[in-house]
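# A structural walkthrough
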Amino acid sequence: MATPVILGIGAIAAAIAGRSLLRRGLFAGKGAAEEWAKGGFKAKMDRKEAIAILGLKDGPKMRSQLKDAHRHIMLANHPDRGGSPYIASKINEAKDLIDKTDGKGR
């Protein structure tokens, strides 16, 4: 009867220790828990936010990857498929902003 209790306490202790190590970044690198962007969208979208929304990296290949990235994200977030209309509008706004700023030459 004592063995299941000891195993249970050991499992709980291991889970608490593992959680603590993950939060400190000792397993998955420094700040792995903070890798996601905190907060919502900015009031006025800028180029950096648009690139982050579409999951692109700023560089010479970004223009060629823009259409595929937009299509991929919209397939997952389209309102007709259960996605949020607000998120879909932000994705489209990000694509339009990058199109506009790249057309002018930054």
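In case you missed it, the structure is sitting above this.
Residues numbered from 1 in each chain as written. Predicted model: local features only at pLDDT ≥ 70, side-chain atom pairs only at ≥ 80, totals over all residues. Heavy atoms only, no water.

Moving on, we get to the overall build of the protein. Assigned secondary structure in the protein consists of four helices and zero strands. For the protein, the sequential pattern of α-helices and β-strands runs α-α-α-α. Counting over 106 residues, the protein shows a buried share of 21%. Counted over contacts in the protein with a minimum sequence separation of 6, partners at least 24 positions apart contribute 50%. (Helix = DSSP H or I, 4+ residues; strand = E, 2+ residues; numbered from the N terminus. Buried < 20%, exposed > 50% of the residue type's maximum accessible area, 1.4 Å probe, protein only. Contact = heavy atoms within 4.5 Å.)

On the surface, Phe41, Tyr86 and Ile87 cluster together into a nonpolar patch covering about 260 Å² of accessible area. Within the secondary structure layout, Tyr86 lies in helix H4 (residues 85-104). (Patch = residues over 30% accessible without salt bridge, like charges linked within 9 Å, V, L, I, M, F, W, Y side chains within 5 Å. Areas by Shrake-Rupley, 256 points an atom, 1.4 Å probe, with all protein chains shown as cover. Salt bridge = Lys/Arg side-chain N within 4 Å of Asp/Glu carboxyl O.)

Okay, the packing of aromatic side chains next. What the rule picks out here adds up to one aromatic pair. The interplanar angle of 65° and the centroid separation of 5.7 Å between the aromatic rings of Phe41 and Tyr86 together place this pair among those described as edge-to-face. Here Phe41 is found in the loop between helix H1 (2-24) and helix H2 (47-54), whereas its partner Tyr86 is found in helix H4, with 45 residues between them in sequence. Here Phe41 falls in the partly exposed class, since its relative accessible area comes to 33%. You can call Tyr86 partly exposed: its relative accessible area is 47%. (Phe/Tyr/Trp six-rings, centres within 6.5 Å; stacked < 30°, edge-to-face > 60°.)

Keep in mind these numbers describe shape, not what the thing actually does.
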